[in-house]
Amino acid sequence: MNDNDRPQSNGDEVQRRRRSLDEVFGEVLPATTRDERDDGARGGFSDDWYRQNRPPHHEQ
């Protein structure tokens, strides 16, 4: 009996499918969620920058 004849456990099958999907599509979801990350590592621009660069059609 070789490895291909042996029935796989459900966990092994899930991991195999995940690897196969990741090879085709890449990893879609990040490894950590926003609440797991450091709050100080905020990306993007500040609120002031967005207020200063607001397009005219968004003026209040």
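First things first, this report covers the structure right here in the doc. All values reported here derive from a predicted model rather than from experimental measurement.

Moving on, we get to the overall build of the chain. Per the secondary structure count, the chain includes two helices and zero strands. Within the chain, buried positions represent 0% of all 60 residues. When the accessible surface of the chain is totalled, it reaches about 6300 Å², and 47% of it is carbon and sulfur.

Glancing now at the packing of aromatic side chains. Considering all chains together, one arrives at three aromatic pairs under this definition. Here Phe-45 and Tyr-50 contribute two aromatic rings whose centre-to-centre distance is 6.0 Å and whose plane-to-plane angle is 85°, an arrangement assigned as edge-to-face. Accessibility expressed as a relative area gives 43% for Phe-45, which makes it partly exposed. Owing to a relative accessible area of 46%, Tyr-50 belongs among the partly exposed residues under this scheme. An angle of 90° between the planes, with centres 5.1 Å apart, marks the rings of Trp-49 and Tyr-50 as edge-to-face. Members of the aromatic cluster, connected to one another through ring pairs, are Phe-45, Trp-49 and Tyr-50.

Each value, and the rule that gives it
Residues numbered from 1 in each chain as written. Predicted model: local features only at pLDDT ≥ 70, side-chain atom pairs only at ≥ 80, totals over all residues. Heavy atoms only, no water. Helix = DSSP H or I, 4+ residues; strand = E, 2+ residues; numbered from the N terminus. Buried < 20%, exposed > 50% of the residue type's maximum accessible area, 1.4 Å probe, protein only. Areas by Shrake-Rupley, 256 points an atom, 1.4 Å probe, with all protein chains shown as cover. Phe/Tyr/Trp six-rings, centres within 6.5 Å; stacked < 30°, edge-to-face > 60°.

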